[in-house]
Structures are given as structure tokens and as C-alpha cells.
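Summary of structural features
Residues per chain are reported as follows:
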Amino acid sequence: MQSRSPRRQRFEAPKRASGREWTRSKAGAVRPCLVVAWLSLSACHAAAPAPAPAPAAPVKAAVPSDIDEARAHALIEALSAGSAEAAETHFDQRMRSGLPPAVLLSHWQSLLARNGELTSFRVVKRDHPMGKDRFTFELTFSQQALHLQIAFEPSTHEVIGLAFTKKPAATPPEHESDADVHQETLSVGPLALPASWVLPALASRPLPAALLVGGSGPNDRDESIADAKPFRDLAHGLAKRGIATLRWDKRAFAHPDLAPEPAKATVEDEVLTDAVAALRLLRHRPEVDQERVFVIGHSLGALLTPEIAQRGGGVAGLVLLAAPGRPLERIVLDQLETAQPGADFNGLERQVRALPNLPPAAPVLGMPAGYWRDVDRRDEVAIAVALGRPVLLLRGAMDRNVAVVDQEHWLTGLSNRVPVQSATLPGLDHLFLSVTDTGEQRHVAPAVIEAIAQFIRRP
């Protein structure tokens, strides 16, 4: 549930900055669980929740250049003052329905928890994809800077898209040495999504290879969340162990303005179409050993891994990292309740209970009811059993999203039916990062990479 860093030229160096900057007064940080501005099972690795701060005074800004810029400033000022309701007055109806104030406020508080106090913001880019008016803001927090994209419908001056992402770094983080690692840029699926093909530069061919499938939300190919890039860690770590990988920017990240109408939102568009195309692309690479192709999924990607493998074909095994076993809407509601203890979530609870009978476009926890039903109707355990391929289940003991009960759901369904290995790794969170790691850049634990490599290299 995500969160969000290399970008497909969406966040290239600014063409023109406005030169204006606004400051705000200090406010204490809170520590709820969600981290990105979309419901994302991949994002939950913040510290334990603490009481929310009192709303801060709004940012005082100079008069912007036009209506859309003024509304974008006002939206950020409202969030900085702790008023999700005021921020949502700038949304169109679909945004208001899909991202209710309680959910938006939880996202914003989570950004504060991970990045510190908001100290200033400024426009760094303005462009017009698909005829829309889109701003990229740089938000400077006390610990790091983030980017915020706000897209407007020019005819109504209403917000039709909102996405927080990490500010792109000049160079990628150092962890697994890049020596002996070769990387190529490819494209995946009908939208030609940017992808990275990473393999050992000095290794005998053909190679075992794995597709990396990320969690929910508009993730980039690295699954960048705050200061972590877990999929980059996995790709480079596996390459150093003789295994090639393919990973890609999700379409919600690369093309946020192409989101489907709420009544038509499904995991087919979010994940499956592109994942199946990526798997087929990987299988046809000349470097790949066709008998040793694997799918590695994380969070929502782990849940859908059996179906991706079934549809893409030719898979030797599955690796499920933090795979949900309960309905996703129940997990997300638990996230929100953990993030805001004592808050009244009775209305959201009623929505979840009524979900089977709601119209497809009806908003439930920030996503349309039809989306949740589309996920819930899939029996991925049964698909994994039908595939008959070996499965590796890994979970972090400190995971606040996927619980022991989720791991047991998979074990119960797979045991004595397919070869299955399972481990809960101490001290690791939902992203398989150590909860005691306080360095500037957090990384996937080496034990995780080694466990996956051993599973793939097994006879």
C-alpha cells in the first residue's frame, strides 16, 4: 500500500524556475504508517504512530502568475495548515470521491513523519501533457526535498491528478558495487514504459533471470520510498550473484494523467498488462536461460505473481515478498487506523462492509469499489497450485502491512501441493529494510538478496 529516484524524463532538470519561494512556521511531525500520496502497500515502513500536531498557520504566498498556479499554491498551503478539506476544494469530483479528506490527511502526515517539517516550496517545472496543465513543485522538508506534481483540467481549473515523488538524485545511491554489473534501458508494454535490464557483465551465458513486480501505487522501477530503493538493491545484488533482472516504471508513475475512469479501474491496467508484457520480453532476451525464469513480486506484486507467471508462461518458480493474504481493503483500513489512533473510521468501515454491493465507481478508501472487487475475486493461491512451481515466501518480522496471518494464508494453501519455502526475517520491515538502520540511505538486507539468489540457483 506505497509508495513513491530515477524518472523517465518526467523530472528532468527544471527548464525554468519561478524564482519565488514560500516559508512556513514550524510544526511537530507525526508518525503514521503510509508514506506516499496514494494508497500503497509498499510504503508502510515508518515508525510507530504518534498524536497528530495541531494545524499550522497557512503559508503566506505572493500572488502567482495565473489561476492554476494560484490554486496549486493554495492546495499546498492548505495541506501545510493541516486542512485536507480546504485542499480538496481545488479537486474535481473524481478526485474528491477517490481521495477523501481522512485519507489525504493521513498521506500528508506520513510525509511529515518521514521527511520532517515543510520549510518551503517552489515551482520547478510546468508542462502540458495530453493538453493538461501540470506543475512540478519542489517541497523542501527539514530532512530532504520531494517533488509534487499537480495536474489541472485547463477548462475548469480543477485538480485532476496529484502525486508525491522523491526528488531525483544526481547519482544513484551506492550499495551493491556496480562493478561487473551491466545495465540497459528497455521499454515495456503498450505504453513503452521505461525499464531497466540488469545483468552481470562477467558471467557465462545463458543466465537465470527474474522479473521484479512492484507494489501498489505509482511506483518507479526502483520502488523508491523516501531514502530507499529496494528494487535497485535487489537488481544489483542479484546481478552480482549471476542473475539478470528486469524492472519497469509503473504506468501510474510514468503516465499519471492517463488514469482510467473510476468505474473502469482494475489491476489489469495497473499491473497485469504491463507485467505480462515484461515477462514475455524477458523470456525472449538472448542472455536468458529459458529453463530458469522467475517472477519476484512485492506486496500487491507478490499477490499477483502467480497470475503473471501463468499468463506470461515459461516460469520456473515464484518469489513472494510480503504477500497479502487478507482482502486488500481490510489491510489498508488497518493501516489508516494504525496511523491515526483514536480517529473515527466508522464511516470507512461501513464502506468496506458494503463493498460487494456498491457501484463500481463508488469510492472506498481512496479507490473505486470495482477496483477492490477486481482484486478480491482472484484466487492467486489456486493459480499457484495449478502452476505447480516452487514458491519462496519471505516476510519481514517488523512489517506493519503484511502480518503473520497473511503468510499463514499462503502456507496453508500451498503446503503439500507445491514445493514451498517460507521465512520471516527478524528486524525487517515491509520493504525488507532494517528498522534499526539510521543511515542516510537505507538498503535491502543482504540476507534477503542471498535467500532469493539461493532459491533461484537451486538445482
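These notes cover the structure that comes with them.

Thresholds applied
Each chain carries its own residue numbering, running from 1 in the direction its sequence is written. Only residues with pLDDT of at least 70 get local features here, since the model is predicted, and only at 80 or more are side-chain atom pairs given and counted; chain-wide, interface and lining totals rely on the full set of residues. Values shown for side chains rest on all heavy atoms present in the structure; no hydrogens or waters enter the calculation. Only buried residues count toward a nonpolar core, which is a set of Ala, Val, Leu, Ile, Met, Phe, Trp, Tyr and Cys residues joined through side-chain atoms within 4.5 Å. Remark: exposure states derive from per-residue accessible area (1.4 Å probe, protein chains only) relative to the maximum for the residue type, with buried under 20%, exposed over 50%, and partly exposed in between. Numbered from the N terminus, helices here are DSSP runs of H or I no shorter than four residues, and strands are runs of E no shorter than two. We call two residues contacting when some pair of their heavy atoms lies within 4.5 Å. Convention adopted: a line fitted to C-alpha atoms gives each axis, helices being fitted over their contacting stretch, and angles between N-to-C directions are expressed from 0 to 180 degrees. To sort the angles, those under 35 degrees are grouped as roughly parallel, those over 145 as roughly antiparallel, those from 65 to 115 as roughly perpendicular, and the leftovers as oblique. In this scheme the handedness of a crossing depends on how the near helix is turned from the far one: anticlockwise by less than a right angle means left-handed, clockwise means right-handed. All amino acids are sorted into three groups, where Ala, Val, Leu, Ile, Met, Phe, Trp, Tyr, Cys and Pro are nonpolar, Asp, Glu, Lys and Arg are charged, and the leftover types, Gly among them, are polar. For this document, the term salt bridge refers to a Lys or Arg side-chain nitrogen within 4 Å of an Asp or Glu carboxyl oxygen.

1. Structural notes on the nonpolar core
Counting residues in each nonpolar core, the largest one holds 88 residues, and the members touching the most others are F137 and L139. Looking at this core element by element, the count peaks at seven residues for helix 7 (residues 267-283). Not counting chain neighbours up to four residues away, the residues in contact with L139 comprise I76, W108, L118, S120, F121, Q144, A145, L146, L148 and F164. Core analysis: the second largest hydrophobic core is formed by 34 residues, A239, I243, F294 and F455 among them.

2. What to know about the packing of helix 12 (residues 380-387) against helix 13 (residues 404-414)
Orientation of helix 12 relative to helix 13, taken along the N-to-C sense of each, is 40°, at an axis distance of 10 Å. Between helix 12 and helix 13, the angle is such that the two are oblique. Seen along the crossing, helix 12 lies across helix 13 with a hand that is right-handed. Across from E380, V381, A384 and V385 in helix 12, the residues of helix 13 making contact are H409, W410, G413 and L414. A per-class count over the contact of helix 12 with helix 13 returns five nonpolar, two polar and one charged.

3. Description of the pattern of salt bridges
A complete count under the given rule lists 26 salt bridges for this structure. Notably, a salt bridge pairs D127 with R134, separated by 2.7 Å at the nearest N-O pair. For R326, the salt bridge goes to D406, with nearest N and O atoms at 2.9 Å. Of this pair, R326 sits in the loop between strand 11 (317-321) and helix 9 (328-339) while D406 sits in helix 13, and the two are 80 residues apart along the sequence. In this structure, a network of salt bridges that share partners links the residues E268, E307, R311, D374, R377 and R378.

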